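One-letter residues, chain by chain:
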Amino acid sequence: RVKKAIDDMVTALLKEKADEIKHKDFCVDEFNTNQLQTENKDREKQDLIAKIEDLEMTIKALTEAIDGLKAEIAEMQVQLKRAGEDRE
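What counts and what doesn't
Residues numbered from 1 in each chain as written. Predicted model: local features only at pLDDT ≥ 70, side-chain atom pairs only at ≥ 80, totals over all residues. Heavy atoms only, no water. Helix = DSSP H or I, 4+ residues; strand = E, 2+ residues; numbered from the N terminus. Rg over C-alpha atoms; globule rule 2.2 N^0.38 Å. Buried < 20%, exposed > 50% of the residue type's maximum accessible area, 1.4 Å probe, protein only. Areas by Shrake-Rupley, 256 points an atom, 1.4 Å probe, with all protein chains shown as cover. Lys, Arg positive; Asp, Glu negative; His and termini not counted. Charge placed at Lys NZ, Arg CZ, Asp CG, Glu CD. Polar contact = N/O pair within 3.5 Å; in protein donor to acceptor, adjacent residues only side chain to side chain.

Draft legend 1. A look at the overall build of the protein chain. Of the regular secondary structure elements, the protein chain holds 1 helix and 0 strands. The C-alpha atoms of the protein chain give 37 Å as radius of gyration, which overshoots the globular expectation for 88 residues (12 Å, by more than 25%). For the C-alpha atoms alone, the extent of the protein chain along its principal axes is close to 125 × 15 × 10 Å. Counting across all 88 residues of the protein chain, residues that qualify as buried make up 0%. Carbon and sulfur atoms make up 60% of the accessible area of the protein chain, which amounts to about 8600 Å² in all. For the protein chain, the centre of its 16 positive side-chain charges and the centre of its 22 negative side-chain charges are spaced 10 Å apart.

Draft legend 2. Just the environment of T11, in detail. Considering the arrangement of structural elements, one finds T11 in helix α1 (residues 2-87). As a C-alpha pair, T11 and E64 span 53 residues in sequence and 79 Å in three-dimensional space. At 2.8 Å, the side chain of T11 forms a polar contact with the backbone oxygen of D7.

Keep in mind these numbers describe shape, not what the thing actually does.
In structure tokens, the structure reads:
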């Protein structure tokens, strides 16, 4: 009877060991997957940051160009007004 109890305990422990190994393997796989996803997201984040910086520079350049063109328009309107006054 004692031998059967010991065999049952050994069997239970071996099953528990197998379950623990399976759970550990699952955790390691999930950890590796998570780490890979994190690295991919970090790369994507860096790419997006660079794109934002590029777009901000483009916005700045275009804003400066618009301001320059507005100044040119204002100057042309002044010249047009002067030309109209000179004709009179």
